[in-house]
Amino acid sequence: MPEQGKLFDYLPEPWEADDQSERLVATVVLLKGPEKELDYEVPDALRESVEPGKRVKVPLGRGNRPTVGYCVRLENKPTGRRALKPVQTVLDECRLLSSPLLRLSRWMADYYLCPWAAVLETILPAGVRSQAGTRLTTLLTADPQAAQCLAEEKLPAKQLAVMKILASAPAPMTAAELARSAKCTSGPIQSLRRKGLIRAQTARVQLPPQHAAHAVREKHLVLNADQQKALDVIREALGAQQHRTILVHGVTGSGKTEIYIQAIQEVLHFGRQAIVLVPEISLTPQTVERFRLRFGEVAVLHSHLSDAERHWHWQRIAEGRVPVVVGARSAIFAPAPHLGLIVLDEEHETSFKQETAPRYHARDVALYRAEAEGVPLVLGSATPSLESWHEAQVGRYKLVELPRRVLDRPLPMVGTVDLRIDRHRRAVTRGSIGRQLHAAVARTLEADGQVILLLNRRGYSTHIQCPACGHVVMCPHCDIALTHHRKEEIALCHFCDYEIPTPASCPACQFAGIRYSGVGTQRLEAEVRARFPNVPCLRMDTDTMQGRGSHERALAAFRAGKVKILLGTQMIAKGLDFPNVTLVGVINADTALHLPDFRAAERTFHLVTQVAGRTGRGEKGGRVLVQTFNPEHPAIQAAVRHDYAAFAAGELPLRQMLRYPPFASMIRLVIRGPTEPTVHEFAKYLGERLREAIGVQDSMVESRRSKVEIPPPTLDPRPSTLDQEVRVLGPAPAPFAKLRGQYRFQIQLQGPDGDRLRTAVRQTAEGLEPPEGVQWIVDVDPVDMM
């Protein structure tokens with residue numbers, strides 16, 4: 001979590017011209033070149049056009065190579081005898097980034113230890129930078145002296161009508177628009193231009209994308225007592241016009257979205273805007289539709305938009321013409337000039353964390369932005385992250401509970417199927433659907449209900465192995481087994497996309513009986529179609545949902561009842577609301593339970609609880625069956641009872657004992673390169689420099705195993721002599737020791753003071769030149785530990 005109380009460190013200093021010796025200086029962050037900020041003099045010809053938030057072209061180096069950068073600050077200041085190079089060109093007519101977004105970008109660069117330019121490029125969509133969806137157009141305006149000329153010249157009726165329309169127009173018009181309004185040809189307009197009564201100028205005009213007509217507005221629903229209490233807390237924060245973080249912990253189906261909608265209506269009454277973040281693109285169509293039914297005009301920002309669509313939405317948001325913004329992670333950067341509220345639905349979701357630089361977490365960026373702009377932040381989830389839950393328990397967040405579903409509908413009954421007992425029966429049926437689950441699916445279909453089956457594994461078979469010699473078909477570029485995809489008859493690496501035709505015999509010993517083992521969603525789909533041949537089913541995973549609009553079409557078919565069985569990966573587990581779903585089956589709840597990740601139990605609890613919440617939302621009620629080899633695991637037990645408090649009470653003491661978040665800050669460094677010994681040696685050198693920077697005199701014993709779990713802090717036999725709480729673990733091979741041809745080692749920093757950890761990394765990076773081909777990345781507050 002970001003540290004609080006440092007929000008305004010990045011406010012630019014107010015400036016005034018003290019005397020004539022001062023010069024107007026633009027501070028520029030370059031997209032390519034030195035990462036530091038550089039000063040350039042603003043020539044008189046560009047004084048009116050240079051602004052913070054615009055891109056400029058400036059000379060760089062001895063050769064004065066033209067380089068593009070962002071103007072981030074503009075001030076009059078004495079430069080003494082220092083000769084500054086001048087800004088060459090201003091690339092943008094209008095500011096692309098407001099002052100609040102510039103401050104946000106500066107904070108992100110410092111907090112996540114990445115170049116400021118990379119953050120600016122992330123905040124600003126490519127479609128906005130390239131002005132996608134616009135074209136150069138000739139715009140017409142009436143000459144300011146036209147009124148006097150009209151009295152002196154006797155104009156024909158058509159020309160007079162044209163002049164009256166143009167003079168009264170609130171904005172410049174194209175020739176086609178003017179001719180259409182005046183009901184004339186282009187002849188009268190051209191005559192007026194020749195007479196000098198109409199002026200023409202060329203400008204870039206945005207072409208709006210085609211959108212479906214807005215649906216008829218729906219009225220607000222009546223809230224129950226729990227919902228009303230939560231809404232009152234949000235309204236109190238809105239009325240106070242100050243920041244407050246509110247955690248809405250509501251069971252699945254408790255009506256959290258309706259609370260968001262009515263809170264946003266309150267924001268709109270103040271003439272302000274709201275940003276609503278959802279974790280997956282698959283949720284966006286359903287969420288957008290619901291918000292459009294209430295508010296009509298809703299902007300959408302997510303990665304499936306074209307550049308032109310994204311630019312169009314961005315522009316309308318920046319102009320304050322759209323009251324509600326809905327989108328995935330990047331929507332937190334929406335340029336709302338009148339921001340009044342930020343909402344993060346399903347705030348626990350790991351997809352809010354970006355896994356490429358800048359590696360930001362949308363929840364923490366939202367917290368900073370909400371604090372900086374003095375607006376409430378609402379976090380909602382049935383299974384909050386333990387970080388947010390802890391913040392609420394210690395009083396930094398306001399906790400609001402929704403313990404019941406709307407209309408007092410009961411939570412679904414959840415039962416477990418012990419696969420250890422069922423394994424002999426499964427050996428007979430040779431399938432992934434056990435007898436209990438098969439019978440439950442059959443009964444549900446007979447009652448005209450719908451079924452959701454969750455399996456968080458893509459492909460047909462998860463690995464290919466020879467029973468004779470034990471050889472596993474591996475990716476040559478990654479330390480990963482290839483996954484069999486039956487439809488394409490290929491063995492595919494899900495990390496680097498390396499593929500080969502499926503082998504008919506063992507590549508090592510040529511044994512013909514090579515075995516395809518493990519179950520993915522393709523095999524599950526085939527099994528479902530074989531068991532229930534006349535029942536329409538649909539698979540949703542990243543292999544089937546690649547086309548534009550694929551999510552919308554799939555969910556619309558399921559909602560309409562055209563599909564009876566929906567199966568897929570975790571994208572079907574969250575946020576979907578289908579009243580006719582009366583059975584949810586979890587094929588294997590253990591897929592993530594034993595990964596070398598301190599959040600493995602938390603993720604398992606989240607996934608099982610969330611997918612269980614997809615059923616029982618209608619009058620028919622619902623049931624959940626969870627197949628697992630570990631029915632006694634605390635995470636499984638808590639999910640079966642829908643008992644988040646019990647799960648948190650058991651997991652948080654373990655985190656505190658091992659000094660993991662939320663009780664400590666964490667930074668993970670991954671060192672990678674094509675040659676293992678070189679990477680390892682550089683990783684050891686990097687670890688030594690980090691220990692020197694942070695004051696750790698001794699290091700823990702390194703593990704040379706090819707695959708290791710991240711060692712818990714309690715295994716460090718020699719803690720820091722300066723700070724007993726600081727840990728520098730590693731280097732050690734990463735859980736995925738080789739990816740995309742790169743060998744990978746990791747170093748993990750843990751300590752109570754995140755600023756101290758960041759300072760140590762900055763000091764270590766100064767003047768550090770890795771060997772050729774070796775890279776190292778920094779992940780602050782890591783989510784993916786693989």
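Predicted model only: the values in this text are computed from it and were never measured.

Definitions and limits used
- Residues numbered from 1 in each chain as written.
- Predicted model: local features only at pLDDT ≥ 70, side-chain atom pairs only at ≥ 80, totals over all residues.
- Heavy atoms only, no water.
- Helix = DSSP H or I, 4+ residues; strand = E, 2+ residues; numbered from the N terminus.
- Buried < 20%, exposed > 50% of the residue type's maximum accessible area, 1.4 Å probe, protein only.
- Contact = heavy atoms within 4.5 Å.
- Areas by Shrake-Rupley, 256 points an atom, 1.4 Å probe, with all protein chains shown as cover.
- Axes fitted to C-alpha atoms, helices over the stretch in contact; angles between N-to-C directions.
- Parallel < 35°, antiparallel > 145°, perpendicular 65-115°, else oblique.
- Nonpolar A, V, L, I, M, F, W, Y, C, P; charged D, E, K, R; others polar.
- Polar contact = N/O pair within 3.5 Å; in protein donor to acceptor, adjacent residues only side chain to side chain.
- Salt bridge = Lys/Arg side-chain N within 4 Å of Asp/Glu carboxyl O.
- Expected span 1.5 Å × (residues − 1).
- Left-handed = near helix turned anticlockwise from the far one by under 90°.
- Pairing = 2+ DSSP bridges.
- Patch = residues over 30% accessible without salt bridge, like charges linked within 9 Å, V, L, I, M, F, W, Y side chains within 5 Å.
- Lys, Arg positive; Asp, Glu negative; His and termini not counted.
- Charge placed at Lys NZ, Arg CZ, Asp CG, Glu CD.
- Phe/Tyr/Trp six-rings, centres within 6.5 Å; stacked < 30°, edge-to-face > 60°.
- Lys NZ or Arg CZ within 6 Å of the ring centre and 35° of its normal.
- Arc of directions from axis to C-beta.
- pLDDT = per-residue confidence, 0-100.

**Some remarks on the overall build of the protein chain**
Here is step 1: Scanning the protein chain from terminus to terminus reveals 22 helices and 29 strands.
Here is step 2: Within the protein chain, the proportion of its 786 residues that are buried is 53%.
Here is step 3: Taking the intrachain contacts of the protein chain between residues at least 6 apart in sequence as the baseline, contacts between residues at least 24 apart amount to 76%.
Here is step 4: Taken as a whole, the protein chain presents about 35200 Å² of accessible surface, with 50% of it coming from carbon and sulfur.

**Observations regarding the packing of helix 18 (residues 600-612) against helix 20 (residues 644-658)**
Here is step 1: Axis separation between helix 18 and helix 20 bottoms out at 11 Å; the angle between their running directions is 170°. Classed by the angle they form, the pair helix 18 and helix 20 counts as roughly antiparallel. Where helix 18 approaches helix 20, its residues Ala-601, Glu-602 and Phe-605 are matched on the opposing element by Tyr-644, Phe-647, Glu-651 and Arg-655.
Here is step 2: For the contact of helix 18 with helix 20, a count of residues per class yields 4 nonpolar, no polar and 3 charged.

**Describing the side chain of Ser-388**
Here is step 1: Examined against the element boundaries, Ser-388 turns out to sit in helix 13 (residues 386-393).
Here is step 2: Within the local environment of Ser-388, its side chain forms a polar contact with the side chain of Ser-385, the two groups lying 3.1 Å apart.

**So, the side chain of Glu-347**
Here is step 1: With respect to the helices, strands and loops of the structure, Glu-347 is situated in the loop between strand 12 (339-345) and helix 12 (362-373).
Here is step 2: Owing to a relative accessible area of 0%, Glu-347 belongs among the buried residues under this scheme.
Here is step 3: A distance of 2.8 Å separates the side chain of Glu-347 from the backbone nitrogen of Ser-385, its partner in a polar contact.
Here is step 4: When residues no more than four places from it in sequence are discounted, the contact partners of Glu-347 are Leu-247, Phe-352, Arg-363, Leu-379, Gly-380, Ser-381, Pro-384, Ser-385 and Ser-388.

**Quick notes on the pattern of salt bridges**
Here is step 1: Counted by the stated rule, this structure contains 37 salt bridges.
Here is step 2: A salt bridge links Glu-525 to Arg-539; the nearest nitrogen and oxygen atoms lie 2.8 Å apart. Placement of Glu-525 in helix 16 (residues 521-531) and of Arg-539 in strand 22 (residues 537-540) is noted, with a sequence separation of 14 residues between them.
Here is step 3: Overlapping salt bridges bring together Glu-37, Asp-39, Arg-73, Glu-75, Lys-77, Arg-106 and Asp-110 as one network.

**Examining helix 21 (residues 676-694)**
Here is step 1: With 19 residues, helix 21 ought to run about 27 Å at 1.5 Å a step, and its terminal C-alpha atoms sit 27 Å apart, in line with that.
Here is step 2: Packed against the buried residues of helix 21 are strand 26 (665-673), strand 27 (727-739), strand 28 (742-751), helix 22 (754-765) and strand 29 (775-780).
Here is step 3: Within two residues after helix 21, Gly-695 carries a phi angle of roughly 95°, on the positive side.

**So, the packing of helix 21 against helix 22**
Here is step 1: With their axes 9 Å apart at the nearest point, helix 21 and helix 22 run at an angle of 125° to one another. The orientation of helix 21 relative to helix 22 falls into the category oblique. Here helix 21 runs over helix 22; the crossing is right-handed. Of the residues in helix 22, those in contact with Leu-686, Arg-689, Leu-690, Ala-693 and Ile-694 of helix 21 are Arg-756, Leu-757, Ala-760, Val-761, Gln-763 and Thr-764.

**Quick word on the sheet that holds strand 20 (residues 499-501)**
Here is step 1: Taken in spatial order, the 3 strands make up an open sheet running 18-19-20, and their pairing is antiparallel. The sheet is open, and its two edges are formed by strand 18 (483-485) and strand 20, each paired on a single side. Across this sheet, the average inter-strand angle for adjacent strands is 30°, counted without regard to direction.
Here is step 2: Two elements, strand 18 and strand 19 (residues 490-492), share 3 bridges in a ladder whose sense is antiparallel. If you follow Thr-483 over to strand 19, its bridge partner there is Leu-492.

**Details of a negative patch on the surface**
Here is step 1: A cluster of like negative charges, contributed by Glu-488, Glu-489, Asp-497 and Glu-499, occupies part of the molecular surface.
Here is step 2: Mapped onto the elements of the fold, Glu-489 is located in the loop between strand 18 and strand 19.
Here is step 3: Residue classification places Glu-489 among the partly exposed positions, given a relative accessible area of 39%.

**Thoughts on the packing of aromatic side chains**
Here is step 1: Applying the stated criterion across every chain yields a total of 12 aromatic pairs.
Here is step 2: Between the aromatic rings of Trp-107 and Tyr-111, the centroid separation amounts to 5.0 Å while the plane-to-plane angle is 20°, which identifies the pairing as stacked. Of the two residues, Trp-107 and Tyr-111 are both situated in helix 1 (residues 99-111); the distance of 4 residues between them amounts to about one turn of the helix.
Here is step 3: By relative accessible area, Trp-107 is classed as buried at 7%.
Here is step 4: Note on Tyr-111: relative accessible area 4%, which makes it buried.
Here is step 5: Members of the aromatic cluster, connected to one another through ring pairs, are Trp-107, Tyr-111, Tyr-112 and Tyr-368.
Here is step 6: For Arg-106, the ring lying beneath its charged end belongs to Trp-116, and the centroid distance is 4.5 Å.

**What to know about helix 7 (residues 187-194)**
Here is step 1: When we look at burial in helix 7, the residues that qualify are Pro-188, Ile-189, Ser-191 and Leu-192. Around the axis of helix 7, the buried residues are gathered within 160° of arc, so they sit on the same side.
Here is step 2: Looking one or two residues past helix 7, Gly-196 carries a phi angle of roughly 85°, positive in sign.

**Describing the sheet that holds strand 5 (residues 89-90)**
Here is step 1: Overall, antiparallel pairing links the 5 strands, which are arranged 2-1-4-3-5 in an open sheet. At either end of the open sheet lies a strand with only one pairing partner, and these are strand 2 (38-41) and strand 5.
Here is step 2: Strand direction decides the pairing type here: strand 1 (residues 23-30) and strand 2, joined by 4 bridges, are antiparallel. The residue of strand 2 that forms the bridge with Thr-27 is Asp-39.

**Some thoughts on the confidence of the model for the protein chain**
Here is step 1: In this model, the protein chain carries a mean pLDDT of 86, and residues with pLDDT of at least 70 account for 89%.
Here is step 2: Taken together, the stretch residues 4-19 has pLDDT below 50 and engages in 24 contacts with residues farther than four places along the chain or on a different chain.
Here is step 3: Low confidence marks residues 696-723, where pLDDT is under 50. Its contacts with residues over four positions away, or in another chain, come to 58 contacts.

**Here we look at unusual backbone geometry**
Here is step 1: Put simply, Ala-357 and Pro-358 share a cis peptide bond, and its omega is -5°.
Here is step 2: With respect to the secondary-structure elements, Pro-358 resides in the loop between strand 12 and helix 12.
Here is step 3: Along the chain, Pro-661 connects to Pro-662 via a cis peptide bond; the corresponding omega equals 15°.
Here is step 4: Within the secondary structure, Pro-662 sits in the loop between helix 20 and strand 26.
Here is step 5: Not every positive phi belongs to a glycine, and Leu-113 is a case in point at roughly 55°.
Here is step 6: Inspection of the secondary structure puts Leu-113 in the loop between helix 1 and helix 2 (116-123).

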